[in-house]
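# Coordinate inspection notes
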Amino acid sequence: MSVKTSDSKQLLAQVDEAALGVADWEGSDVPAVRDDLRALRDIVEGTARGTGEEFFRSLVRRLASAIDVPYAVVAEFADVHTRVRTVAFWARDRIVDNMEYDLAATPCDAVARGGFVHHPTGVSKNFPNATPLVSLGIDSYMGVPFLDGEGNVLGHLAVFDERPMPPEPRRLFIFRIFAARTTAELERLRAEKRLLESEGRYRDLYEEAPVGYLSVSGEGRILSTNHRATQMIGHSADEMNGRSIFDFFAHTAAAKGWAPSLRNRFLAGEEFSGLEVEMHREDGRPLWISLWMKPIRGDDGRVQASRAIWVDITDRVLAEADRARLQQQNLYLQDEIKATRNFEAIIGKSPALCAVLDDVRRVAPTDASVLITGETGTGKELIARAVHSTSKRADKPFIKVNCSALPTGLVESELFGHEKGAFTGAITKRIGRFELADGGTIFLDEIGEIPPEVQAKLLHVLQAHEFDRVGGHSPMRVDVRVIAATNRDLLKAVQEKAFREDLYYRLHVFPIHLPPLRDRAQDIPLLVHFLVNNFMVRFGKRIESVSQRTMEQLLAYRWPGNIRELENVLERAVILETDSILEIEPGILSATGAVPPTKERPSLETVERDHISTVLHETNWVVDGPRGAAKILGLHPNTLRNRLKKLGIERASHHPR
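This write-up is about the structure you can find in this document.

A sheet is described by the order of its strands in space; here five strands give the open sequence β14-β15-β18-β13-β19, paired in parallel fashion. For this open sheet the edge positions go to β14 (398-402) and β19 (510-513), each flanked by a neighbour on one side alone. Neighbour-to-neighbour, the strand axes of the sheet open up by a mean angle of 20°, direction not taken into account. Of the pairings in the sheet, the one linking β14 to strand β15 (residues 441-445) comprises five bridges and is parallel in character. Bridge pairing in β15 links Phe 398 to Thr 441.

Below you can see the structure in the form of structure tokens.
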């Protein structure tokens, strides 16, 4: 710091006291001493209020006047100790521009090495290479160094004249006093410069730090924020300052659980270290921080303010959430593998099955919702997997949900997940099936069993591609293709108000109906050989063929349980078989709980009538078109109409289209 005003007053008082005592000095030149003291007082008064450049300019002007010389200069080292630059330069009657010059071959060189220098005369002659002095015609010179507390030279104070100076310089004590004052001012300026540079560095570190810094009042009001904190939240510093820090905590159900406790702990003056907190970002994107808060207490022990540090840990938290989701996917897929049936392909060449596969090829490349209908055991899941595996989502998850197997009260949680504490028993956050299927396909088997209260939320997902976890308040966007399946008559359920009509039409964008096994009897031999080979490998059996009688029995059976029932029958038969030719024992079909075929074979006309009637019923009596009965039966529409007349097949109060 500069010499304080109080210091200058003290020095003036000492000067006045010295002036009063001059009369008592024996043998002293009283007028001369008083003149010296008057000159000293003049310099003190002139420089008392000045600092920095103002102080130096006032000093050289008044010093030149007091010592009665035309030139006075304050100089400090430049970048090296062999060169100096003037800080203030008085020349005759004015302050002139500062300059830099080399010390070598000048009288200043000896001063810069730490000694008092006085040349009463002969400067230009003795220092011919001191160009600045020679050009001014300088004959005399006096200089004193500025020494810091450790004896290091900072620069020098000098006066010079075209005239000779007395061998014993007058008022040398004044010269030395103000050399000391100038040293103090130079040190103050250097300290101030270092402080400003340090403050600048720390301000840069504060503003551009990769973590958020905040100052918070004892009531939780934000006093100041750095740039990183504003970046995290998405508000400007002006928008954040003055608001409660708790305003920026997340608005989720989980946050409502811990935020009041955290506020109370803060107001109680508790210190936080590495507390993971979910925040509310302006643009709605997730933000998790690791929070440090340290209270600053007053003399009375009360919290005056707190320093807060926010470290963005969003990437880590989301990565952990993704890892948890992938772990759940992995567990789910492991369960799927355990539950996978013994055949992994769609087997058959019948026209009815070919029509279904043609529909699969058409719809798979799109993102259209698919509704698969058919009796139990017809392979609806296989068709759903076929749609997924031939779509652009094939490398993404295929998540299966059996809606009829979910507990009624947990259907919504299973599908959409829940937040911790959302309901009794929700001790952790759960990721739902839709979130697991993000980017891929979700297969909702037995969709007709979805409770009415969940149907509305499912409709919203199909329409808006977003949902809320149970207990959550922030919508989550998903990109999921929905394939649903049912063995129920959903249209009838709509008419009975058991299923939402708008949801039905959202799911019914592309319907695929699977024919029962009895309507694709020509596929039975292919299925039998495929399944027998699988069971033979699994059970270590050697079966070379299926007997003719067994194949006829399998062809004649109506298979109310469809392919699933055929699979069960063949699995049991392979287990029991001890020969290389598979024979199904009498009664094994009835043992499955199905009605065995009668010994009396139906006529061809009866079989044809039943088959055509079944197909017409499944197509709602639509004859023509890509999904009409004629297409499924492999007949021309007019040929089918002629068959209907010949077989006497009619629909009450309706006509085939």
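Moving on from the coordinates now.
Bringing the environment of Ile 584 into the picture now. Mapped onto the elements, Ile 584 comes out in the loop between β21 (581-582) and α22 (588-591). Through-space distance from the C-alpha of Ile 584 to that of Ala 573 is 5.9 Å; in sequence the pair is 11 residues apart. If we skip the residues at most four places from it in the chain, Ile 584 touches Arg 549, Thr 550, Gln 553, Leu 554, Val 569 and Ala 573.

A few words now on the packing of aromatic side chains. The tally for this structure, following the rule as stated, stands at 12 aromatic pairs. The interplanar angle of 20° and the centroid separation of 6.1 Å between the aromatic rings of Phe 398 and Phe 443 together place this pair among those described as stacked. Taken together, the positions of Phe 398 in strand β14 and Phe 443 in strand β15 put the pair 45 residues apart, joining distant regions of the chain. Neither residue differs from the other here; Phe 398 and Phe 443 are each classed as buried. Consider the rings of Phe 535 and Phe 539, whose centres lie 6.1 Å apart with planes at 10°: the pair is stacked. With Phe 535 and Phe 539 both in helix α19 (residues 524-539) and four residues apart, this pair spans about one turn of that helix. Residue class for Phe 535 comes out buried when judged on its relative accessible area of 0%. Looking at Phe 539, the relative accessible area reads 31%, which means it is partly exposed. Taken together, the ring pairs connect Tyr 71, Phe 89, Tyr 141 and Phe 160 into an aromatic cluster.

Right, let's get into the sheet that holds strand β10 (residues 272-280). In space, the five strands of this open sheet follow the order β9-β8-β12-β11-β10, with antiparallel pairing throughout. Single-partner strands in this sheet number two, and they are β9 (222-225) and β10. In this sheet, neighbouring strand axes are inclined to one another by 30° on average, regardless of whether the strands run parallel or antiparallel. Where strand β8 (residues 212-217) meets β9, three bridges bridge the pair, whose relative direction is antiparallel. Within the sheet, the bridge partner assigned to Ser 215 lies in β9 and is Ser 224.

What counts and how
Residues numbered from 1 in each chain as written. Predicted model: local features only at pLDDT ≥ 70, side-chain atom pairs only at ≥ 80, totals over all residues. Heavy atoms only, no water. Pairing = 2+ DSSP bridges. Helix = DSSP H or I, 4+ residues; strand = E, 2+ residues; numbered from the N terminus. Axes fitted to C-alpha atoms, helices over the stretch in contact; angles between N-to-C directions. Contact = heavy atoms within 4.5 Å. Phe/Tyr/Trp six-rings, centres within 6.5 Å; stacked < 30°, edge-to-face > 60°. Buried < 20%, exposed > 50% of the residue type's maximum accessible area, 1.4 Å probe, protein only.

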